[in-house]
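Structure assessment
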Amino acid sequence: MTLEELDKNMAITNVKTPNLVWHDRYTPGFSFDGCADLENFHRIDMAKHKDHLPEGVQYGYHCTGITLRFRTNATVVAVRAVNWLEAFMPIMPLTGSHGFDLYLADLPEEGGTSRLPRYKFTMRPMPTQPAVVADEYPFRVQDNPGSWHDVEIGFPLYNGVLEFEVGLNAEAEIAPPSPFAFEKPVLFYGSSITQGAAASRPGTCYTTMLARALRLPQINLGFSGRALGEPEMARYIAEQSLSALVMDYDHNAPNAEHLKKTHENFYKIIREAQPDLPIIMMTRPHYEINPGEAEENFAVIEATYQRAIGAGDKNVYLIDCRDVFGDDGEDACTVDTCHPTDLGFYRMYCAVRPVLEKALGIRKD
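Everything numeric here is computed off the predicted structure, so don't read it as measured data.

**A few points about the overall build of the protein chain**
The helix and strand tally for the protein chain stands at nine helices and 16 strands. Taken against the 2.2 N^0.38 rule, which gives 21 Å for 365 residues, the C-alpha radius of gyration of the protein chain at 21 Å falls within 12% of a compact globule. Viewed in the frame of its principal axes, the protein chain has a C-alpha envelope of about 65 × 50 × 45 Å. Considering the protein chain as a whole, with its 365 residues, one finds that 57% of them fall into the buried category. Within the protein chain, contacts between residues separated by at least 24 positions form 78% of all contacts whose residues are at least 6 apart in sequence. Just so you have it, the protein chain exposes about 15,900 Å², and 50% of that area is on carbon and sulfur atoms. Both charge centroids of the protein chain, one from 33 positive and one from 50 negative side chains, sit 4 Å from each other.

Take a look at the structure:
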């Protein structure tokens, strides 16, 4: 007897909807955010940029931050996909590394922006076949076929996607999604934490929590083991049309001396190209590992910020993340004293949100 047979809540519920109609990535009405190359579901157009970007951008095929949005009156939504990798990760579940999150939002009033989407389900692979997200487990989103909703499907944090289709009941219609509150995306640049390790599912990475709450598109340029402040990456980011930039670049710097050589230069390259772009600088969220090194890195980032302020930059911000996990439940905020759990990501979200709102002009305090 399997665990799923012993505990029905462990099983994926099959709603037994026959004759689903499958829609590919090019379906009219589908909008993919955070995706520079729709043919391959890449965050960076690798064919265009791989020769002049630093080593490590191969992680650009990981789909973190990519979200499919559309409007529909469907009663059932399913995902049929094949991921790049079958590898298990030691610090996060398949729901985060390989799964697809489903969120649903009521339609806005006429002329308004989209209502906040609510989490409904995670389409996930089985451990016996971790690269495949099966089509046999569609999720019933409503019983009233006349009701329209905005649907958001978040892509895997630590995997690429080879094949992808959305299954809807045969009577369902598709239309473009409600507009965001901001047309231009916020770009997040940083380490494996920025990429989403070790969120339990795509929707709980702090960058996606911010994008969802503030109704804005995102570009997630988090790279495991990379984000070393390379000037090539700064020039690439400087070419993007953005609402704001979050520099979550600290953890992967090999030492404070490297950070000192790269952090301010990275900022200056982008600032020279985009004088009015809001730039938010963050420090690492956990100081239990190598606290001396963490303090040295904080001093480097603070110095970049202070010199920018001294030079007259009125659109630069600093978030001191030394105490972001707090004193209550801090031990539950990471899986390995480094990579955040969902609680850790939520507390990062709480720290970044008011600063990002101020940078975007949402709040004036």
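**A closer look at the side chain of Arg271**
Inspection of the secondary structure puts Arg271 in helix α7 (residues 256–273). Among the residues examined, Arg271 registers a relative accessible area of 11% and is labelled buried. Within the local environment of Arg271, its side chain forms a polar contact with the backbone oxygen of Gln274, the two atoms lying 2.7 Å apart. Within polar-contact distance, the side chain of Arg271 engages the backbone oxygen of Asn315 at 3.3 Å.

**Comments concerning the packing of helix α5 (residues 206–214) against helix α9 (residues 342–359)**
Here α5 crosses α9 at 50°, and the two axes come no closer than 9 Å. With respect to α9, the element α5 is oriented oblique. As α5 runs across α9, the sense of the crossing is right-handed. Residues Tyr206, Met209, Leu210, Ala213 and Leu214 of α5 touch α9, and the partners they reach there are Phe345, Tyr346, Met348, Tyr349, Val352, Arg353, Leu356 and Glu357. Within the contact of α5 with α9, the residues separate by chemical class into 11 nonpolar, no polar and two charged.

**Description of the packing of aromatic side chains**
Considering all chains together, one arrives at 19 aromatic pairs under this definition. Arg69 extends its terminal NZ or CZ atom over the ring of Phe180, reaching a point 3.9 Å from the ring centre. Sitting over the ring of Trp22, Arg80 keeps its end group 4.0 Å from the ring centre.

**Some thoughts on the pairing of strand β13 (residues 218–222)**
Looking along a regular strand, one sees side chains alternate from face to face of the sheet. By the criterion of burial, β13 is predominantly enclosed, with five of the five residues buried. Of the two faces of β13, the one holding Gln218, Asn220 and Gly222 and the one holding Ile219 and Leu221 are both buried throughout. Of the strand pairs in this sheet, strand β12 (residues 186–190) and β13 are connected by five bridges, and their pairing is parallel. The residue of β13 that forms the bridge with Tyr189 is Leu221.

**A look at α9**
Between the first and last C-alpha of α9 there are 25 Å, a value that for 18 residues agrees with the 26 Å anticipated at 1.5 Å per step. Along α9, the helix axis deviates most sharply at Val352, where the bend reaches about 30°; the proline Pro354 sits within four residues downstream. Every buried residue belonging to α9 is among Gly344, Phe345, Met348, Tyr349, Val352, Val355, Leu356, Glu357 and Ala359, and all of these are buried. Where α9 is buried, its residues touch β12, α4 (192–195), α5, β14 (244–248), β15 (279–282) and β16 (316–319). Gly361, located one to two residues past α9, shows a positive phi value of around 80°.

**Details of the nonpolar core**
In terms of nonpolar packing, the biggest core is built from 35 residues, with Val186, Tyr206, Ile280, Met282 and Leu356 touching the most fellow members. No other element matches α9, which puts seven residues into this core. Once residues within four sequence positions are removed from consideration, Leu356 is found in contact with Val186, Leu210, Leu214, Ala244 and Ile280. With 34 residues, the next largest nonpolar core counts Ala234, Ala253, Phe266 and Tyr305 among its residues.

**Description of the sheet that holds β16**
The sheet built from five strands is open, its strands ordered β13-β12-β14-β15-β16 with parallel pairing. Each edge of the open sheet is held by one strand with a lone partner, namely β13 and β16. If you compare each strand with its neighbour and ignore which way they point, the axes differ by 15° on average. Seen against the sheet, α5 touches β12, β13, β14 and β15 and runs at an angle of roughly 170° to β13.

Conventions used here
- Residues numbered from 1 in each chain as written.
- Predicted model: local features only at pLDDT ≥ 70, side-chain atom pairs only at ≥ 80, totals over all residues.
- Heavy atoms only, no water.
- Helix = DSSP H or I, 4+ residues; strand = E, 2+ residues; numbered from the N terminus.
- Rg over C-alpha atoms; globule rule 2.2 N^0.38 Å.
- Buried < 20%, exposed > 50% of the residue type's maximum accessible area, 1.4 Å probe, protein only.
- Contact = heavy atoms within 4.5 Å.
- Areas by Shrake-Rupley, 256 points an atom, 1.4 Å probe, with all protein chains shown as cover.
- Lys, Arg positive; Asp, Glu negative; His and termini not counted.
- Charge placed at Lys NZ, Arg CZ, Asp CG, Glu CD.
- Polar contact = N/O pair within 3.5 Å; in protein donor to acceptor, adjacent residues only side chain to side chain.
- Axes fitted to C-alpha atoms, helices over the stretch in contact; angles between N-to-C directions.
- Parallel < 35°, antiparallel > 145°, perpendicular 65-115°, else oblique.
- Left-handed = near helix turned anticlockwise from the far one by under 90°.
- Nonpolar A, V, L, I, M, F, W, Y, C, P; charged D, E, K, R; others polar.
- Phe/Tyr/Trp six-rings, centres within 6.5 Å; stacked < 30°, edge-to-face > 60°.
- Lys NZ or Arg CZ within 6 Å of the ring centre and 35° of its normal.
- Pairing = 2+ DSSP bridges.
- Expected span 1.5 Å × (residues − 1).
- Bend = angle between axes of the 7 residues up to and from the residue.
- Core = buried A, V, L, I, M, F, W, Y, C linked by side-chain atoms within 4.5 Å.

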